[in-house]
Structures are given as C-alpha cells and as structure tokens.
Amino acid sequence: QNMLEELLIHKPDDPIQYMINHLKQNNDDAPRICVLGPPASGKTTVAMWLCKHLDAIRVSQETLLFKEILALTKEAKAYQERKQKIPNALWANLIQERLSNVDCIKQGWILEGFPENQEQAWMLQSSGIIPRHVVVLYAPDTVLIERNSGKRLDPFTEEVYHTTFDWPSDLLVQQRLVKPEDLSEEEMSKKLLKYHRNFPEVFQIYQKVLKSINADQPSMDVLSQVLTYVQTRHRSAAPFTPRILFCGPPGSGKSLQAALIAQKYGVVNICCGQLLKEAVADKTKLGELVKPYIDNGYP
C-alpha cells in the first residue's frame, strides 16, 4: 500500500524501476508518526519516549534548526535571526529533506509538533509525507497554563521536566535544567488561541489516522495509550475477499448465523455437513468413505 501511495504521488517515469528501488530501500513497517497538540501538552516527552521504544528518529522544528546540517538549514536560521516567521514552504522542504535520509527511511520517524495548520499539512502531503498514525494530545487550557509555568528543559538531553509533576531525582540533572523562553502567561494564552484556531482544519485532513489522547493524566497512562495506538494497523480500503469460519457445538446456531451472513454480505455459504451428504447421495468415492459415519449418526 505504501509503495502504491508513493507511485501515485511521485509519478516516476520508470514505475518498475521505482518499485524495485522502493523494495530495496524502504521499510514499510517503519513507524511514520506525527505527535501534535497545544503547547505544554507533552509532545516532546511522548515523541522522545516513542523514539526510544520504537528505535525511530525524532524530527522537530528544534532538531531541524539546531541538530541537523541540511541544505536549507542556513536559510531557515536566517529568518529566525531576523526574527521573521519561517515560511511554511521552507519548513515542508526541510522536513522532506530530513525524512529522505536513510536513517528515517529504515528506522521510521516521529514528527513532533508539525504540521501546525492546514497549509503545512497540505504541503507535507504534496511532498509525499503521509503519516500512518497521528497522535493528538489535549488538556484543558488552565492545566496547560499551569504546566507551562513549571516547565524546565535539560539542554543536554532535550528532555522536558516540571517543577511539580516531573522533577528529576538526579542532582546533576537538576542543576543544569533551564527555564525555556516565552513562558509568560500572556504569551502562552496567545499560543493556545492560535492552536485552537488552526487545529480543526488539521484534524479534518488526518481524521482517518488520528487519535486524541487526554494528556491530563499520569504520564505512564498517556504513553501506554499512545503506544497501543501507534502499534495498531489501519484497515485498508482496498477490496478484499472475506473468508469466515463458524465453529461451535451442535445446536449453537452455526447454520443460521452462516445463512444470515451470506445473505447480508453476498458471500457463498458452504456447509460441510451438507457437502458430505451430497457426496453420499451422489455415491462418489468420498461419499462411500463417509457413509458409514453418517449412518451411525456422526457429524
């Protein structure tokens, strides 16, 4: 299915060679996950935990600007230094470049905090970046504002801690924690307002592969629900031939249920007992073999 999606998106001049290269390089079982949510909802914590658990590559706006050496990184940093907004098209190109690297292809990726709006989501899709799972964290704004005030960042590991809810036991870690910028309540309220304005359109684009998870609960409960979801396989919309087996003791209603299913879904109802009786009536070799058992009342 992934290969067909890539064919439709990229429309290569040589489809056969493209499919051969895809089968050689790509790992269709590798995770392709977006972790979205409002500020302070725990996106970084969830994304880093998933990367460790699934051995995938974490990609975020911060890693793209400060941890990666990409062709477009310098251009993106120039916008930031001028305190200008980085264009959506540049973000999409940066992400496409990073996800095209061998490690992301082989191990899979966790895209954190992107897309933030409809335009970014469309640009990702047009670039062939289609997540298999989209996790959306949510919590009341009052909870998020409270979390935000106690948020602390480990600059060495990039892990996020909290002065009340998640304080590290290691004294060395405690000493190097820093308070992130733009943590005022006013700035946080603006970010939340922007998120609530943009997210419904993103939801519509990804609704078939999206699951919302309440972030206002113990972190291990959140992580457990996230992992359970991203390990599920979505049912394909491609046509398939159903094969159904009814088992049960005599009198349990197998024949009736099989007849109802066959009538409703237009499948062929094959009754083993009826087949054996027909074989006996037609006096076939199989019928001669099973006749003594049927005569003695065996099923």
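In case you missed it, the structure is sitting above this.
Residues numbered from 1 in each chain as written. Predicted model: local features only at pLDDT ≥ 70, side-chain atom pairs only at ≥ 80, totals over all residues. Heavy atoms only, no water.

**Overview of the sheet that holds strand β1 (residues 32-36)**
Right, so step 1: Strand order in the open sheet formed by 5 strands is β2-β3-β1-β4-β7, with parallel pairing between adjacent strands. Two strands lie at the open edges of the sheet, namely β2 (57-59) and β7 (210-214), each paired on one side alone. Mean inter-strand twist for the sheet, computed between neighbouring axes without regard to direction, equals 20°.
Right, so step 2: Here β2 pairs with strand β3 (residues 109-112) via 3 bridges, running parallel. Bridge assignment links V59 to a residue of β3, and that residue is L111.
Right, so step 3: Across the sheet, helix α12 (residues 219-230) is in contact with β1, β4 (133-138) and β7; its angle to β4 comes to roughly 160°. (Pairing = 2+ DSSP bridges. Helix = DSSP H or I, 4+ residues; strand = E, 2+ residues; numbered from the N terminus. Axes fitted to C-alpha atoms, helices over the stretch in contact; angles between N-to-C directions. Contact = heavy atoms within 4.5 Å.)

**Overview of helix α13 (residues 254-265)**
Since there are 3.6 residues in each turn of an α-helix, residues three or four apart along the chain are aligned in direction.
Right, so step 1: Given a rise of 1.5 Å per residue, 12 residues ought to cover 16 Å, and the 16 Å separating the end C-alpha atoms of α13 matches this to within 8%.
Right, so step 2: A positive backbone phi angle near 70° is found at G266, which sits one or two residues after α13. (Expected span 1.5 Å × (residues − 1).)

**Observations regarding the packing of helix α8 (residues 118-126) against helix α11 (residues 185-206)**
Two numbers describe a pair of packed helices, the interaxial angle and the distance between the axes.
Right, so step 1: Relative to each other, α8 and α11 sit at 30°, their axes nearing to 8 Å. Here α11 runs roughly parallel to α8, going by the angle between their axes. Of the residues in α11, those in contact with Q118, A121, W122, L124 and Q125 of α8 are E201, V202, I205 and Y206.
Right, so step 2: Of the residues contributing to the contact of α8 with α11, the split by class is 6 nonpolar, 2 polar and 1 charged. (Parallel < 35°, antiparallel > 145°, perpendicular 65-115°, else oblique. Nonpolar A, V, L, I, M, F, W, Y, C, P; charged D, E, K, R; others polar.)

**A look at the environment of Y229**
Right, so step 1: Along the polypeptide, Y229 turns up in helix α12.
Right, so step 2: C-alpha of Y229 to C-alpha of I213: the two residues are 16 residues apart in sequence and 9.8 Å apart in space.

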